[in-house]
Amino acid sequence: MDPPVPPGFLVELLHSVPHINITLHRVNDTFNPNSSIYIESLGILASIPAALLIISLVFLLLYLLTRCCDRKPRKPKSHGCQKCTLVFFAIVCCAAIGLGLYGNDDLHNGVLQIFGSGRKIEELILSVRNQTEMVKYNLKTKVVLSELEAKFEKPPQMYNQTAQYLLQDTVKMVKDNTTMAINALETVVYLTRPSHSEMTLNSLLNTYEFYEELRWPATLGFLTFLLLLCIILVIGATRSSRCALIFFSVCGLLAVTVCWLLSGIYLASAVALGDFCMKPNDFICSQQKLKDVQYTYCSSVGTNRYVLRLNESKDYLDRAKEALDIMNRIAINLYPRFEMSSKINRLSEELDDSKRQLIALSARADRRAVMEHYANATRGLCEGGLFGLTLMLLASLVSAAILSLLVCVDSHTWIYLTKKRPYEDKSETAPLFPAGAATASPASAQITAGTMTVNRTLLHAQAATSNGTTGGTLIPSSGRNGTTHGLRGLASYSGDESPPPDYNVVVHDNRASGHHTLGRLPSQQSHLAGPNNGKYATLSKQCKTLESSDFY
């Protein structure tokens, strides 16, 4: 039997993939899912991406072990090449994922085309069964159960025993032929009625439609998740975010595993579908459990059981119609007053109407009419569906390889990214008297803005006194409760330098007594002698004790 759709290039390419068993010997490549040898060959093909998964995981493990042992510091500029690599291959991976989304949509449309053609065939068979039952009911009630025999039992006006016997035999012939036609229709109804032990086309479509309703959104969701991972990687690479890069490393490893496993499933499925599309009719017609397919599609012209039984019923109706015409001619002569012709004409019209319906049913159940639906289903599976599955296979392989590379580069990148140190006032923990404070000059007491404390101010005052210079304290002209909250802006200066214009300088020079006192303002100072004969600067009693909250 010739296939409804000739195999294309893609079908021949996938069918040419070698089928080998566990001993690496070639096996038969004819599609046969019931054969353990054929399933074994598909399993070996599916194990190839699984082997690539193991190799990539081992390589990633070795790579991470080498990176853990490498503790050399890296300059920030050295990560630029790695970040560019991450961004570039993430964009390429997004393109591969987009190819997978397109292939998933093509495969889904091809499967939907199969379901649509199958539903049409199922509706056709159901309509044949319903109309057959209707014709059977009309013949049984309007022809077989008619009261012609009772009417003809009355004695005729013109007695003719031979004609009367002939009339009764003709009536019996009409009923017998009609009964035989009804029996043939009963056979058609029996063939089209599904049984509990047989697999029907409707149950098969319902099963695969349920699986497709799960497969399509699951694949779409996984590919969308991969797109989000790539977006997170691009954001983490551009912003040097360790959190985003670590998240991609963990989820990317899981995505690599799933992609390689899906590649094995897609490879085996694509090769099996290519084998099926080479000779789809051979496999379809070998399924004896699909009775509807056997009777409508696999039977050749003239051997369709539906059509044979319908034609048989039509032949019996033709014989009944001939007998009815003979009966009409005899009844007119024997019973002219009973108006037999009108009743016989109604029976004749019923037989003619039933015959027309049977002819229409035979045309609908013929293989040439069903052939179009099977051709559409085969075209949807072997062209659009197989093309989409092949795109998904390529997208899965490319995505798995690129994601493996991205996980390696990403792990190398975030390991050497240092965390940003939070802002802290290091001067709070600085020692009051550093080791080089005794020999430091006043210029060496320069303190960066925002880290000045009272301790360092006292050090500056001490250093200025010991060097014979006039020290000073810069106090802002505006403060909180008469004290300063801007000591972060304090800076040391020598006697020759002028203070900033926003600060007041408080200097008390008691050179006569060798004592220097630091105070807030001249009008608010009370001079007290230092504890060590003027060698160290002291604060006035009227000065407020500065706390840590005054500096922030």
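These numbers were taken from a predicted model, which means no experiment stands behind them.

A. Here's a closer look at the nonpolar core. Of all hydrophobic cores here, the largest spans 69 residues; its most connected members are Leu139, Phe276 and Val293. Grouped together as the second largest cluster of nonpolar side chains are 27 residues, Val256, Trp260, Ala400 and Leu403 included.

B. Expanded view of a nonpolar patch on the surface. Together, Ile54, Val58, Leu61, Leu62 and Leu65 make up a nonpolar patch on the protein surface, roughly 480 Å² of accessible area in all. Take leucine 65: it is sitting in helix α2 (residues 36-69).

C. Representation of the packing of aromatic side chains. Tallied over the entire structure, the rule returns seven aromatic pairs. A centroid spacing of 6.0 Å and a plane angle of 85° characterise the contact between phenylalanine 31 and tyrosine 38, whose relative ring orientation is edge-to-face. Residue class for tyrosine 38 comes out buried when judged on its relative accessible area of 3%. Between phenylalanine 210 and tyrosine 211 the ring centres are 5.9 Å apart and the planes differ by 55°, which places this aromatic pair in the tilted class. In textbook terms, an aromatic cluster arises when at least three aromatic residues are bridged by ring pairs, as seen for Phe31, Tyr38, Phe276 and Phe283.

D. Layout of the pattern of salt bridges. Applying the stated criterion across every chain, the model contains seven salt bridges. Between glutamate 312 and arginine 309 there is a salt bridge; the shortest N-O distance is 3.9 Å. With glutamate 312 and arginine 309 both in helix α10 (residues 305-334), this residue pair falls three residues apart, about one helical turn. Classification of arginine 309 as partly exposed rests on a relative accessible area of 29%. A salt bridge links arginine 356 to aspartate 353; the shortest N-O distance between them is 3.5 Å. You can see arginine 356 and its partner aspartate 353 sitting in helix α11 (residues 340-364), three residues apart, about one turn around the helix.

E. Expanded view of the UniProt feature "transmembrane region" (unreviewed entry) in the chain. Sequence positions flagged by UniProt for "transmembrane region" (unreviewed entry) are, in local numbering, residues 42-65, 86-103, 216-237, 244-268 and 386-409. Here residues 86-103 is 100% helix and 0% strand, with 26 Å between the C-alpha atoms at its ends. Measuring from the first to the last C-alpha atom of residues 386-409 gives 35 Å, for a span that is 100% helix and 0% strand.

F. Examining helix α7 (residues 242-278) more closely. Taking 1.5 Å of rise per residue, 37 residues should cover 54 Å, and α7 covers 52 Å from first to last C-alpha, within 8% of that figure. Approximately 25° is the largest bend angle found in α7, and it occurs at cysteine 251.

G. Focus on the state of the cysteines. Counted under the stated rule, the structure contains one disulfide. Paired by a disulfide, cysteine 277 and cysteine 382 hold their sulfur atoms 2.0 Å apart. In this structure the cystine formed by cysteine 277 and cysteine 382 twists about its S-S bond by roughly -90°; its chirality is therefore left-handed. Taken together, the residues cysteine 277 in helix α7 and cysteine 382 in helix α12 (residues 367-416) connect sequence positions 105 residues apart.

H. Representation of the environment of serine 127. For serine 127, the position within the fold is in helix α3 (residues 80-144). Sequence spacing of serine 127 and arginine 364 is 237 residues, and the spatial spacing of their C-alpha atoms is 9.4 Å.

I. Inspection of the side chain of histidine 108 at higher detail. Within the fold, histidine 108 resides in helix α3. Here glutamate 212 takes part through its side chain, which lies 2.8 Å from a polar atom of the side chain of histidine 108. If near-sequence neighbours (up to four positions away) are discounted, histidine 108 is found in contact with Glu212, Arg215 and Trp216.

J. Here's a closer look at unusual backbone geometry. Residue leucine 24 is not a glycine yet carries a positive backbone phi of 65°. Following the sequence through the fold, leucine 24 ends up in the loop between α1 (9-15) and α2.

Conventions used here
- Residues numbered from 1 in each chain as written.
- Predicted model: local features only at pLDDT ≥ 70, side-chain atom pairs only at ≥ 80, totals over all residues.
- Heavy atoms only, no water.
- Core = buried A, V, L, I, M, F, W, Y, C linked by side-chain atoms within 4.5 Å.
- Buried < 20%, exposed > 50% of the residue type's maximum accessible area, 1.4 Å probe, protein only.
- Patch = residues over 30% accessible without salt bridge, like charges linked within 9 Å, V, L, I, M, F, W, Y side chains within 5 Å.
- Areas by Shrake-Rupley, 256 points an atom, 1.4 Å probe, with all protein chains shown as cover.
- Salt bridge = Lys/Arg side-chain N within 4 Å of Asp/Glu carboxyl O.
- Helix = DSSP H or I, 4+ residues; strand = E, 2+ residues; numbered from the N terminus.
- Phe/Tyr/Trp six-rings, centres within 6.5 Å; stacked < 30°, edge-to-face > 60°.
- UniProt positions renumbered as here; feature names shortened; annotations may be inferred.
- Expected span 1.5 Å × (residues − 1).
- Bend = angle between axes of the 7 residues up to and from the residue.
- Disulfide = S-S within 2.5 Å.
- Polar contact = N/O pair within 3.5 Å; in protein donor to acceptor, adjacent residues only side chain to side chain.
- Contact = heavy atoms within 4.5 Å.

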